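# Structural overview
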Amino acid sequence: MNGVEEMYAEIILDHYRTKHHSGLREPYQAEVSHVNPSCGDEVQLRVALDGDVVADVSYSGVGCSISQASTSVMTDLVIGRSIDEAMGLAADFSDMMHSAGRYTPDEDRLEDAVAFIGVAQFPARVKCALLGWSAFKDATAKALAATAAKEDPR
Ligand code: ZN
């Protein structure tokens, strides 16, 4: 490994050892469970919206270091952002993970998520890295639908 790869491996390990924002919290508008059967990763995730802002993302998960660390990094990036900004970050992360490593990530924008660029070279692990993000996108869509149903009960 070169210096950058070592640093990225260390970032992933740090998030795996000490997951940020972990645990399931109240209040929330939607909860989802996503699994990655090819690796055995699982995440249960809740989203709380405040208007168009992602007020909280809480989760509980088991699985490999990549799936768990990626979920931790995702919460750092999206909590407190507008839904549009958060979805933009999710799209950028997805592009990076589907690039087979041929991608120059914007470190100012993706922060610790750039550490997963190396994982993008291993197709079997890409789903691990995307699990938490997929759960977040799904839960946010459900939370928006729940909010809309409450405002317009027809
Ligand atoms: Zn995995």
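Residue indices begin from 1 for each chain and proceed along its sequence in written order. With pLDDT at 70 or above as the cut-off, local features in this predicted model cover only qualifying residues; side-chain atom pairs require 80 or more to be listed or tallied, and sums for whole chains, interfaces and linings still use all residues. Heavy atoms from the whole structure form the basis of all side-chain values; hydrogens and water molecules are not counted.

## Points about the sheet that holds strand β3 (residues 53-62)
If you trace the 3 strands from one edge of the open sheet to the other, you get β1-β2-β3, paired in antiparallel fashion. Among the strands making up the open sheet, the edge pair consists of β1 (30-36) and β3. Strand-to-strand twist in this sheet, taken as the mean axis angle between neighbours without regard to direction, amounts to 20°. Pairing analysis gives 9 bridges linking strand β2 (residues 41-50) to β3, with the strands arranged antiparallel. Among the inter-strand pairings, L49 is bridged to a residue of β3, identified as V54. Every residue pair with non-hydrogen atoms within 4.5 Å of one another is taken to be in contact. Here an angle of 0 to 180 degrees is reported between the N-to-C directions of two axes, which are lines fitted to C-alpha atoms, with helices fitted over the stretch in contact. Runs of H or I in DSSP of at least four residues are treated as helices and runs of E of at least two as strands, each being numbered from the N terminus. Sitting on the sheet, helix α2 (residues 65-78) touches β2 and β3, and the angle it makes with β3 is about 170°. Of the strands in this sheet, β1, β2 and β3 touch helix α5 (residues 123-151), which is tilted by about 35° from β2. The pairing criterion for strands is at least two bridges between them, as found by DSSP.

## Focus on the pattern of salt bridges
Note on definitions: salt bridges are taken to be side-chain nitrogens of Lys or Arg within 4 Å of carboxyl oxygens of Asp or Glu. With the rule as written, the count across this model stands at 7 salt bridges. Put simply, E26 and R46 hold a salt bridge, and the shortest N to O gap is 4.0 Å. On the criterion of sequence distance, the pair formed by E26 in the loop between α1 (3-17) and β1 and R46 in strand β2 is long-range, its members being 20 residues apart. In this structure R46 comes out as buried when scored by relative accessible area, which is 13%. Among the ionic contacts, a cluster of salt bridges with common partners joins E26, E31 and R46. Relative accessibility under 20% of the residue-type maximum defines a buried residue, over 50% an exposed one, and the middle range a partly exposed one, all with a 1.4 Å probe and only protein chains included.

## Observations regarding the coordination of the zinc ion
Each metal site lists N, O and S donors within 2.8 Å (3.2 Å for Na, K and Ca). With water left out of the atoms, a site can look as if it is missing ligands. Distances from the zinc ion to its protein donors, C39 (SG), D41 (OD), D41 (OD), C64 (SG) and C128 (SG), fall at 2.1 to 2.7 Å. On the primary sequence, the residues serving as donors to the zinc ion are separated as C-x1-D-x22-C-x63-C. Accessibility expressed as a relative area gives 35% for C39, which makes it partly exposed.

## Remarks on the pairing of β1
By the alternation rule, side chains of β1 split into A30, V32, H34 and N36, which are all buried, and E31, S33 and V35, of which none is buried. Pairing between β1 and β2: 7 bridges, direction antiparallel. The residue bridging V32 from the neighbouring strand is L45, located in β2. Counting the residues between successive antiparallel strands, the hairpin from β1 to β2 contains 4 residues, one of them, G40, with a positive phi of roughly 90°.

## Thoughts on the packing of α1 against α2
At a minimum axis distance of 8 Å, the contact between α1 and α2 shows a crossing angle of 85°. The orientation of α1 with respect to α2, classified from their angle, is roughly perpendicular. Along its contact with α1, which presents I12, H15 and Y16, the element α2 presents S65, Q68, A69, S72, V73 and D76. Gly counts as polar in this scheme, as do all residues outside two lists: the nonpolar Ala, Val, Leu, Ile, Met, Phe, Trp, Tyr, Cys and Pro, and the charged Asp, Glu, Lys and Arg. Across the contact of α1 with α2, the residue classes tally to 4 nonpolar, 4 polar and 1 charged. Orientation labels follow simple angle bins: below 35 degrees gives roughly parallel, above 145 gives roughly antiparallel, 65 to 115 gives roughly perpendicular, and whatever is left gives oblique.

## Some details on helix α3 (residues 83-97)
The span expected for a helix works out to 1.5 Å for each residue beyond the first. Compared with the 21 Å implied by 1.5 Å per residue over 15 residues, the 21 Å span of α3 between its first and last C-alpha is a close match. Residues of α3 that are buried: I83, A86, L89, A90, F93, S94, M96 and M97. Down the axis of α3, the buried side of the element spans an arc of 160°, and every buried residue falls inside it. Against the buried residues of α3 lie β2, β3, α2, α4 (107-110) and α5. Arc definition: directions from the helix axis to the C-beta atoms.

That is the geometry; function is a separate question.
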